[in-house]
Amino acid sequence: VALAAVLQADRCEILTDVNGLYSADPRLVPEARILTSLDYESALELASLGAKMQARSIELAKKFNVNIRISSSSSQTTEGTQIPLSLKKSGTAIEQIKVTGVATKDGFHFFKTQSQMVTLLKALKNIPVPLRFLSHQKTGVYFLIEKEQVVLVRQILTEQNINFEETQNTAIVSVLGESLTHSIEFFTSVFSQIEMEKIDLLFLTSNAISVTFGVGAQHKELLARFIHKTFITSKD
């Protein structure tokens, strides 16, 4: 992507072992479909939440207006995924939700610490990876950490006399779409499923274009399939 930007190429073709970006991981959700077109913001969000692409490349593409096409190296007949969005958006009602994709990622450990934010950040200032989904509560500070750094985090928290609880094998299930945070329908449906399946929800976070659920890794596939079936497959 950087080379395409310097050369001012018409587009950057990324040929890989899949036909493009999917609405979910096809290994978890058999009904997942190719996303033929995405805007930079959606592609970047998917990349940061677990989709199999380099987030930094999308950042560069957005900064230098590089057109990207992701498709299969073994079949040139597939349409692939075009970034940025090249198709006109269809008209939708105000506040009507539209789910684009479901991204999943596991390999995290979830920490609940009894600490003030400043105290915790000073203690962990030399950790070489970010604290994901950092949250400050009255009872302390919560965060996710990559499994490669867990031993170091445990050691530092213990040395600094910071009390903590740790949940291993944590995953995130992230839903990318439009108007999600305005939809009672969306949250009611997902939380009803979480309650029915007795899924322990560790945390919930959202921004303008995505909602992320933190759950045990054993529930990742079940929740991703439900959301995809309810808000993507059923809308076809």
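None of these values were measured; they are calculated from a predicted model.

Undergrad: So, the overall build of the protein: which residues are in play, and what are the values?
TA: When helices and strands are counted, the protein shows seven helices and nine strands. The globule rule puts the C-alpha radius of gyration for 236 residues at 18 Å, and the 19 Å found for the protein is close to it. When its C-alpha atoms are laid out on the principal axes, the protein stretches across 60 × 45 × 35 Å. Residues classed as buried in the protein amount to 44% of the 236 residues present. Put simply, of all contacts in the protein between residues at least 6 apart along the chain, 71% involve residues at least 24 apart. Roughly 13,200 Å² of accessible area belongs to the protein as shown, and the carbon and sulfur atoms make up 50% of that amount. Between the centroid of the 24 positive side chains of the protein and the centroid of its 24 negative side chains there is a distance of 3 Å.

Undergrad: So what about the sheet that holds strand β9 (residues 210–216)? Which residues, and what values?
TA: Across a sheet, strands are paired by hydrogen bonds formed along the backbone, either parallel or antiparallel in direction. Taken in spatial order, the six strands make up an open sheet running β5-β6-β4-β7-β9-β8, and their pairing is antiparallel. At either end of the open sheet lies a strand with only one pairing partner, and these are β5 (132–137) and β8 (203–206). Pairwise comparison of adjacent strand axes, ignoring direction, gives a mean angle of 30° for this sheet. Of the strand pairs in this sheet, β8 and β9 are connected by four bridges, and their pairing is antiparallel. Along β9, the bridge assignment pairs Ser206 with Val211. Sitting on the sheet, helix α6 (residues 184–196) touches β7 (164–178), β8 and β9, and the angle it makes with β9 is about 5°.

Undergrad: Break down the pairing of β5 for me, with residues and values.
TA: Pairing analysis gives four bridges linking β5 to strand β6 (residues 140–146), with the strands arranged antiparallel. Following the sheet pairing, His136 is matched in β6 by Val141.

Undergrad: Could you give me a rundown of the layout of surface pockets, with the residues and numbers involved?
TA: There is about 660 Å³ of room inside the second largest pocket. Along the wall of the second largest pocket there are 30 residues; nearest its centre are Leu21, Gly50, Ala51, Lys52 and Met53. Counting residues per element, the ones that place at least two in the lining of the second largest pocket are β1 (12–16), α2 (40–48), α3 (55–64), β2 (68–72) and β4 (98–113). When residues in the lining of the second largest pocket are grouped by element, the largest group, five residues, is from β4.

Undergrad: Residues and numbers for the pattern of salt bridges, please.
TA: The final tally for this structure, using the stated rule, is nine salt bridges. Glu13 is the salt-bridge partner of Arg11, the closest N and O atoms lying 2.7 Å from each other. Judged by relative accessible area, Arg11 falls into the partly exposed class, the value being 42%. Among the salt bridges present, the one from Lys62 reaches Glu41, with a minimum N-O distance of 3.0 Å. With a gap of 21 residues between them, Lys62 in helix α3 and Glu41 in helix α2 connect regions that are remote in the sequence. Under the relative-accessibility criterion, Glu41 is labelled partly exposed at 39%.

The rules we used
Residues numbered from 1 in each chain as written. Predicted model: local features only at pLDDT ≥ 70, side-chain atom pairs only at ≥ 80, totals over all residues. Heavy atoms only, no water. Helix = DSSP H or I, 4+ residues; strand = E, 2+ residues; numbered from the N terminus. Rg over C-alpha atoms; globule rule 2.2 N^0.38 Å. Buried < 20%, exposed > 50% of the residue type's maximum accessible area, 1.4 Å probe, protein only. Contact = heavy atoms within 4.5 Å. Areas by Shrake-Rupley, 256 points an atom, 1.4 Å probe, with all protein chains shown as cover. Lys, Arg positive; Asp, Glu negative; His and termini not counted. Charge placed at Lys NZ, Arg CZ, Asp CG, Glu CD. Pairing = 2+ DSSP bridges. Axes fitted to C-alpha atoms, helices over the stretch in contact; angles between N-to-C directions. 1 Å grid on protein atoms, 1.4 Å probe; cavity = no way out; pocket = protein on both sides within 12 Å on 5 of 7 lines; lining within 4 Å. Points joined across faces, edges and corners; volume = space filled by probe spheres on them. Salt bridge = Lys/Arg side-chain N within 4 Å of Asp/Glu carboxyl O.

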